[in-house]
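Given next are the chains, with one letter for each unit.
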Amino acid sequence: MDPCHNSRPFARRPFITASYRASPDGQLRPSMPEQCLQGTACDGSCCRIRLHHWRSRKTGPEFPLLVVECETHGIAFTVYPLGHVPYGRAAVVPVDLEGQLLRAAEGAGAWEQTIMGAAQDAAEGRAWPRVGSDPSSPAGSWRTQGRRITQAAEILGLTGSQASPLVGPFGVSALGHRESIAAFGEATGYRSRGAAVCLLVGEVERASWSQLDLILLAGVAVGRWGKPWRWDGASRRLGQVEARARSP
C-alpha cells in the first residue's frame, strides 16, 4: 500500500463524539462534556471541564468544533460531531448531527457525502479531475479519489487478513464480506475497485446494527482511528461506542 495511505499514529488516540444542535444564536453547539477520557477511572466526578476554544474547520464538518480542557488532568480535546473522526476530511458515515442516517432520493444512505463517495463515483465511471481541479468543487483530484477508495477499502476490511467487526449475525454476512474481498483483490482499475467497495457498502446498508457504530468499530480494528467514545448530553454520561441495533 502506498505509504501516503497509511494511518498516522496520532490519529489512533481515543476520541469523543457528541450530537451538535442549533443554539438560540443559530450556531451548532454540542452539550458540554462533564468528563474527559482520563476521568473514566473516577466516573468523571474528579474532572473540571471548561471551554478552551472553538476550532474552525474548512473540511470535514465545515463548522467550528468545540475544544474543551480538563483542568484536573491537564488535557484538551476536541468534541467531534457524529459520523466524523479525527483528521478526517470527510464524514465516514452519512448521518445527521443527531446520528440519524441521511438518505438519498432513492432511499439508500447518502454515502456520496462521505469518504465512500469516491468509490461510488468510480463505480459509475466518474473520474475526479486529474489536473486543474476546482478547489470549490465537492470533488477533489484524481489522487484524492484513489486515496479515498483505498482508505474506504481498508476501513471495510477488504485489504487485510484480520477478521472485521463488520461481520456477524447482526452485521454483514461472512459470505458477502468474502465476495467483496475477492472482488477488490481482482480489481484491475479504479472502476472495479470502486464497485467492490460499493458492494460491501450495500451489505452494511442491510445490517441490523447501527451503520454509524459498525463503521466506527471497523475503523478502530484496522487502525484508521482510535476508540470512539460518545457524550450523551441527556443522560450526562460518557460511554464507549459499541455495536447496537439501528434506530427504527
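Before we go on, may I ask you to explain the overall build of the protein chain in this structure?
On a plain count of helices and strands, the protein chain comes out with five helices and eight strands. Sequence-ordered secondary structure for the protein chain, helices as α and strands as β, is β-β-β-β-β-β-α-α-α-α-α-β-β. Computed over its C-alpha atoms, the radius of gyration of the protein chain comes to 18 Å, within 12% of the 18 Å expected for a compact globule of 248 residues. Dimensions along the principal axes, computed over C-alpha positions, put the protein chain at roughly 55 × 45 × 35 Å. Across the 248 residues that make up the protein chain, the buried fraction comes to 44%. For the protein chain, restricting intrachain contacts to residue pairs at least 6 apart in sequence, the fraction spanning at least 24 positions comes to 57%. Summed over all atoms, the accessible surface of the protein chain reaches about 12,700 Å², with 50% contributed by carbon and sulfur. In the protein chain, which carries 28 positive and 22 negative side-chain charges, the distance between the mean positions of the two groups comes to 5 Å.

I keep staring at the confidence of the model for the protein chain and nothing clicks. Help me out?
Where the model shows low pLDDT, its predicted coordinates should not be examined in detail. Of the residues in the protein chain, 92% reach a pLDDT of 70 or more, and the chain-wide mean stands at 88. Here residues 1-7 is a poorly scored stretch, pLDDT under 50, and it has 16 contacts once near neighbours within four places are set aside; other chains count.

I keep staring at the pairing of strand 5 (residues 65-70) and nothing clicks. Help me out?
With six of its six residues buried, strand 5 lies for the most part within the structure. Of the two faces of strand 5, the one carrying L65, V67 and E69 and the one carrying L66, V68 and C70 are both buried. Across six bridges, strand 4 (residues 49-55) lies against strand 5 in antiparallel orientation. Bridged to I49 within strand 5 is C70. Summarising the sheet, strand 5 and strand 6 (residues 75-81) pair through five bridges and their orientation is antiparallel.

Would you mind going over the sheet that holds strand 6 with me for this structure?
In a beta sheet, neighbouring strands pair by backbone hydrogen bonds and run either parallel or antiparallel. Strand order across the open sheet formed by six strands is 4-5-6-1-7-8, with mixed pairing between neighbours. Edge strands, defined here as strands with exactly one partner in the open sheet, are strand 4 and strand 8 (237-240). The sheet shows a mean angle of 35° between the axes of neighbouring strands, direction not considered.

Quick question: what am I supposed to make of the nonpolar core here?
A general tendency of soluble globular proteins is for nonpolar side chains to be buried together. Grouped together as the largest cluster of nonpolar side chains are 51 residues, with contacts concentrated most on V92, M116, L156, L166, V197 and I215. Looking at this core, the elements with two or more residues in it are strand 1 (15-18), strand 5, strand 6, helix 1 (117-123), helix 2 (142-155), helix 4 (190-205), helix 5 (211-221) and strand 7 (228-232). Residues in contact with L156, not counting those within four places in the same chain, are M116, S164, L166, H177, V197, L200, V201, V204 and I215.

Just to check I follow, could you spell out the packing of helix 3 (residues 174-186) against helix 4 for this structure?
When two helices pack together, their arrangement is captured by the angle between the axes and the distance separating the axes. Packing of helix 3 against helix 4 leaves a shortest axis separation of 8 Å and a crossing angle of 170°. In terms of orientation, helix 3 lies roughly antiparallel with respect to helix 4. Packed against helix 3, whose contacting residues are G176, H177, E179, S180, A183 and F184, the element helix 4 presents R193, A196, V197, L199, L200 and E203 at the interface.

What should I look at first to understand the packing of helix 2 against helix 4 in this one?
Where helix 2 contacts helix 4, the axes come no closer than 10 Å and their chain directions differ by 35°. Of the two possible hands of crossing, helix 2 and helix 4 adopt the one that is left-handed. From helix 2, W142, Q145, G146, I149, T150, A152 and A153 reach across to helix 4, where they touch Y190, R193, G194 and V197. Taken together, the residues of the contact of helix 2 with helix 4 break down into six nonpolar, four polar and one charged.

Would you explain the side chain of Q211 in this entry?
Within the element layout of this structure, Q211 appears in helix 5. Taking relative accessible area as the criterion, Q211 reaches 6% and is therefore assigned buried. Not counting chain neighbours up to four residues away, the residues in contact with Q211 comprise V93, L101, W111, V204, E205 and R246.

Scoring rules and cut-offs
Residues numbered from 1 in each chain as written. Predicted model: local features only at pLDDT ≥ 70, side-chain atom pairs only at ≥ 80, totals over all residues. Heavy atoms only, no water. Helix = DSSP H or I, 4+ residues; strand = E, 2+ residues; numbered from the N terminus. Rg over C-alpha atoms; globule rule 2.2 N^0.38 Å. Buried < 20%, exposed > 50% of the residue type's maximum accessible area, 1.4 Å probe, protein only. Contact = heavy atoms within 4.5 Å. Areas by Shrake-Rupley, 256 points an atom, 1.4 Å probe, with all protein chains shown as cover. Lys, Arg positive; Asp, Glu negative; His and termini not counted. Charge placed at Lys NZ, Arg CZ, Asp CG, Glu CD. pLDDT = per-residue confidence, 0-100. Pairing = 2+ DSSP bridges. Axes fitted to C-alpha atoms, helices over the stretch in contact; angles between N-to-C directions. Core = buried A, V, L, I, M, F, W, Y, C linked by side-chain atoms within 4.5 Å. Parallel < 35°, antiparallel > 145°, perpendicular 65-115°, else oblique. Left-handed = near helix turned anticlockwise from the far one by under 90°. Nonpolar A, V, L, I, M, F, W, Y, C, P; charged D, E, K, R; others polar.

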